[in-house]
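Analysis of the macromolecular model
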Amino acid sequence: MRLKDKVAIVTGGARGIGRAVSELFAQEGAVVIIWDLLEEGSTTANGINTKGGVAEFHSISVTDKEAIHAAVGDIHTRYGKIDILINNAGITRDKTLQKMSLDEWDAVIDVNLKGVFLCTQAVVPYMKEAGYGRIVSAASNVGLRGNFGQTNYSATKAGVIAMAKTWTMELGKYGITANALAPGFTLTEMVEKIPVEHMETIKKQIPLQTAAQPIDIAYGYLYLASDEARYVSGICLTIDGGISR
């Protein structure tokens with residue numbers, strides 16, 4: 001029970017990597033608060049509770065500052081603390097540079113970058129008061145190496161890495177760690193529309209010759225959120241089968 005009695009917020013926890021994180025954290029003893037706009041979050045929370053874990057689902061947009069602060073205050077009132085924040089929510093709006101609209105740029109910046117900022121800003125006062133906190137934010141290996149057709153997405157993920165390094169310097173003295181986690185190609189709902197032949201080409205480019213499963217990424221989040229990683233801060237843990245070597 002590596003997270004016994006911890007209270008963890010998981011944004012984008014309804015499905016994919018976020019669901020795997022939510023389920024794993026609950027298995028490890030955490031109270032899991034799932035924030036998502038997808039109603040599948042309710043199914044994920046119910047599944048966790050049915051198996052003996054403790055989870056809640058709340059329909060929260062990571063771009064809504066007022067809703068975030070209200071929800072964080074409510075969590076602290078009811079549980080007395082917020083130990084862990086997993087900034088997992090993210091979207092894509094892929095286009096090449098000259099075809100990308102301003103709306104497509106803004107949508108990805110708002111969720112993937114501004115959302116991480118808003119959620120972290122809201123929980124930090126409570127973590128500082130407690131003298132303890134684990135903040136882990138979803139980057140991506142494309143934030144390290146770029147990717148064709150993902151100017152907006154790559155920029156946000158590079159920004160997430162930089163924010164984690166900055167927060168390490170600002171928050172370390174309060175017992176708060178801040179890290180980023182950069183998954184590679186992972187078999188989630190986000191990649192379901194990729195043609196099979198293209199999927200096989202992608203896998204061949206990966207040294208391990210296979211795509212990640214969501215649980216592979218969730219184990220990385222578990223480590224960084226645990227007390228085992230008490231002296232780990234300001235890093236970007238890359239889990240991508242070796243493609244970013």
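Below or above, wherever it landed, is the structure these notes cover. (Residues numbered from 1 in each chain as written. Predicted model: local features only at pLDDT ≥ 70, side-chain atom pairs only at ≥ 80, totals over all residues. Heavy atoms only, no water.)

Attention now moves to the overall build of the protein. Looking only at helices and strands, one finds 8 helices and 7 strands in the protein. Expected size for 245 residues packed as a compact globule is a radius of gyration near 18 Å; at 17 Å, the protein falls within 12% of this value. C-alpha extents for the protein along the principal axes are approximately 50 × 35 × 35 Å. Expressed as a percentage of the 245 residues in the protein, the buried residues total 52%. For the protein, long-range pairs separated by at least 24 residues make up 71% of all intrachain contacts whose partners lie at least 6 apart in sequence. Positive and negative side-chain charges in the protein, numbering 24 and 26 respectively, have mean positions lying 5 Å apart. (Helix = DSSP H or I, 4+ residues; strand = E, 2+ residues; numbered from the N terminus. Rg over C-alpha atoms; globule rule 2.2 N^0.38 Å. Buried < 20%, exposed > 50% of the residue type's maximum accessible area, 1.4 Å probe, protein only. Contact = heavy atoms within 4.5 Å. Lys, Arg positive; Asp, Glu negative; His and termini not counted. Charge placed at Lys NZ, Arg CZ, Asp CG, Glu CD.)

Grouped together as the largest cluster of nonpolar side chains are 36 residues, with contacts concentrated most on Ile9, Trp35, Ile68, Val72 and Ile135. Within the residue set of this core, elements represented by two or more residues are strand S1 (7-11), strand S2 (31-36), helix H3 (65-79), helix H4 (102-130), helix H6 (151-171) and strand S6 (176-183). Once residues lying within four places of it in the same chain are set aside, the contact partners of Trp35 are Ile9, Val10, Thr11, Gly12, Gly13, His58, Ile60, Ile68, Ala71, Val72, Ile75 and Cys119. Grouped together as the second largest cluster of nonpolar side chains are 30 residues, Ala8, Phe25, Ala138 and Ala229 included. (Core = buried A, V, L, I, M, F, W, Y, C linked by side-chain atoms within 4.5 Å.)

Bringing the pattern of salt bridges into the picture now. Scanning the model with the defined rule gives 10 salt bridges in all. Of the charged contacts in the structure, one is a salt bridge between Arg134 and Asp227, with a shortest N-O distance of 3.5 Å. Highlighted residues: Arg134 in strand S5 (residues 133-138) and Asp227 in the loop between helix H8 (214-225) and strand S7 (236-239), separated in sequence by 93 residues. Owing to a relative accessible area of 3%, Arg134 belongs among the buried residues under this scheme. Connected through salt bridges with shared partners, the residues Lys6, Arg134 and Asp227 form a single ionic network. (Salt bridge = Lys/Arg side-chain N within 4 Å of Asp/Glu carboxyl O.)

Quick look at the packing of aromatic side chains now. Each aromatic ring pair is characterised by the separation of its centres together with the angle its planes make. In total, this model carries 0 aromatic pairs according to the counting rule given. Cation over ring: Lys128 sits above Tyr174, and NZ or CZ is 4.5 Å from the ring centre. (Phe/Tyr/Trp six-rings, centres within 6.5 Å; stacked < 30°, edge-to-face > 60°. Lys NZ or Arg CZ within 6 Å of the ring centre and 35° of its normal.)

Tracing the sequence through the fold places Tyr221 in helix H8. Residue classification places Tyr221 among the buried positions, given a relative accessible area of 0%. Along the sequence, Tyr221 and Ile135 sit 86 residues apart, while their C-alpha atoms lie 9.8 Å from each other. Look past the residues within four positions of Tyr221 in its chain and what remains in contact with it is Ile17, Val21, Phe25, Ile86, Asn88, Val136, Ser137, Ala138 and Leu181.

Scope: geometric values only; no functional claims are made or implied.
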